[in-house]
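Chain and residue survey
So you can see what is in the structure, the chains are spelled out below.
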Amino acid sequence: MLYSLTFLVEKLSLLSNFKLFEFKWTDGKRKEAGCTERTTYSHTVAPLSLHRGDLLEVPRTLFTHFGIYLGDNNVAHLIPDIMPVLTNDKMIIKKVITNKRLIMGCLYKCATVRVDTLDDFVYGSNILVNHMDRKCKAQQPFPNEEVAERAEQLVGAIPYSLLWNNCEHFVTYCRYGSAKSQQTEMFCECLKSIIRDQRSVFLSVLLGIIYIICFGLAPSTTLPTILIPFTLWMAG
């Protein structure tokens, strides 16, 4: 039991350190890439400090949100939203997205590329400006005006996928021409490390046994107890 608890604490600590999944570069890597210090603005900064076509990153509690600055205090960003499925009323869709709308959009796999004010986009956080340029040094960004125009062309409803079509895919497509997400890559690496850890097999067997004890011996309890550890064992 102690072995399993240690495993759980280790993985939860790993996830919390990711801040799902904020990128952490050491000073050495920045020097190797020939990078200067990243530009960070407070959310109260005047729009004149930003340029049309800038790529904005806003750290959230569990992830980093991305957008493209369009000028005039406006930001284009991709966000899950169920409302475009339910109505064509632009005034309703334009309202600030609530958590309920966002969660329903994730479940229904529907999103919208929308234009919000800088304050609504930032929501009290700090902004990293064009920080990704230093992480995607192999890809040269388009001119800022072209970046903004690409973002404006995509405004509207769009399919959503947490792993394959999220806000980071949107901004990397607009700025570099290739939709990628380092947050997705880091999540997949984390998932692989959990699968490869043989303690996952032990933990799944233990949970399966507890499940059988609580709900009785039946195909619905026995099969998962056998198949899940076997799958983890083979995948690891």
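Parameters and conventions
- Residues numbered from 1 in each chain as written.
- Predicted model: local features only at pLDDT ≥ 70, side-chain atom pairs only at ≥ 80, totals over all residues.
- Heavy atoms only, no water.
- Helix = DSSP H or I, 4+ residues; strand = E, 2+ residues; numbered from the N terminus.
- Buried < 20%, exposed > 50% of the residue type's maximum accessible area, 1.4 Å probe, protein only.
- Contact = heavy atoms within 4.5 Å.
- Areas by Shrake-Rupley, 256 points an atom, 1.4 Å probe, with all protein chains shown as cover.
- UniProt positions renumbered as here; feature names shortened; annotations may be inferred.
- Expected span 1.5 Å × (residues − 1).
- Arc of directions from axis to C-beta.
- Patch = residues over 30% accessible without salt bridge, like charges linked within 9 Å, V, L, I, M, F, W, Y side chains within 5 Å.
- Salt bridge = Lys/Arg side-chain N within 4 Å of Asp/Glu carboxyl O.
- Core = buried A, V, L, I, M, F, W, Y, C linked by side-chain atoms within 4.5 Å.
- Phe/Tyr/Trp six-rings, centres within 6.5 Å; stacked < 30°, edge-to-face > 60°.
- Lys NZ or Arg CZ within 6 Å of the ring centre and 35° of its normal.
- Pairing = 2+ DSSP bridges.

The next subject is the overall build of the protein chain. A count of helices and strands for the protein chain gives eleven helices and seven strands. Across the 236 residues that make up the protein chain, the buried fraction comes to 39%. Residue pairs in contact within the protein chain that sit at least 24 positions apart in sequence constitute 69% of those at least 6 positions apart. Summing over all exposed atoms, the protein chain offers an accessible surface of approximately 13800 Å²; the carbon and sulfur share of this is 64%.

Time to look at the UniProt feature "transmembrane region" (unreviewed entry) in the protein chain. Under the feature "transmembrane region" (unreviewed entry), the UniProt entry names residues 201-234. Regarding residues 201-234, the helix share stands at 91% and the strand share at 0%, and the terminal C-alpha atoms are separated by 10 Å.

Here the UniProt-annotated "active site" (unreviewed entry) positions come out as Cys167. When you line up the elements, Cys167 lands in helix 8 (residues 167-176). Looking at Cys167, the relative accessible area reads 9%, which means it is buried. Residues in contact with Cys167, not counting those within four places in the same chain, are Thr64, His65, Phe66 and Leu78.

In this model, helix 9 (residues 182-196) (15 residues) spans 21 Å end to end at C-alpha, consistent with the 21 Å of a helix rising 1.5 Å per residue. Regarding helix 9, the residues found buried are Gln183, Thr184 and Cys190. Buried positions in helix 9, seen along its axis, are confined to an arc of 125 degrees and lie on one side of it.

What follows concerns unusual backbone geometry. One non-glycine residue, Asp72, adopts positive backbone phi at about 55 degrees. Its identity as a non-glycine residue notwithstanding, Asn73 has a phi of 70 degrees, on the positive side. Position of Asn73 relative to the elements: it lies in the loop between strand 3 (64-71) and strand 4 (74-80).

Take the environment of Lys94 next. Here Lys94 lies in helix 4 (residues 90-94). The residues touching Lys94, leaving out its near neighbours within four places in the chain, are Arg114 and Val115.

Moving on, we get to a nonpolar patch on the surface. On the surface, Val85, Leu86 and Tyr108 cluster together to form a nonpolar patch covering roughly 330 Å² of accessible area. Examined against the element boundaries, Val85 turns out to sit in helix 3 (residues 83-86).

Time to look at the nonpolar core. If you look at the biggest cluster of nonpolar residues, it comprises 20 residues, and the most contacted ones within it are Leu55, Ile68, Leu78, Ala151 and Phe170. The set of elements that each furnish at least two residues to this core consists of strand 3, strand 4, strand 5 (110-117), helix 7 (144-153) and helix 8. Grouped together as the second largest cluster of nonpolar side chains are ten residues, Leu56, Val58, Leu118 and Ile127 included.

Our focus in this paragraph is helix 10 (residues 199-215). If you check helix 10, its first and last C-alpha atoms are 24 Å apart, about what 17 residues at 1.5 Å a residue would give, namely 24 Å. All buried positions along helix 10 are accounted for by Arg199, Ser200, Val201, Leu203, Ser204, Gly208 and Ile212. Among the residues trailing helix 10, Gly216 stands out with phi positive, at a value near 90 degrees.

Overall, the coordinates contain one aromatic pair when judged by the stated rule. When the ring centre of Tyr173 is taken as origin, the NZ or CZ atom of Arg150, which lies over that ring, is 4.4 Å away.

Within strand 3, eight of the eight residues are buried, leaving the element largely enclosed by the surrounding structure. As judged from the five bridges shared by strand 2 (residues 55-59) and strand 3, these two strands associate in the antiparallel manner. Paired with Pro59 across the bridge in strand 3 is Thr64. Sheet topology note: the strand 3/strand 4 ladder contains three bridges and is antiparallel. Bridge assignment links Tyr69 to a residue of strand 4, and that residue is Val75. Between strand 3 and the antiparallel strand that follows it, strand 4, lie two residues; Asp72 among them carries a positive phi value of about 55 degrees.

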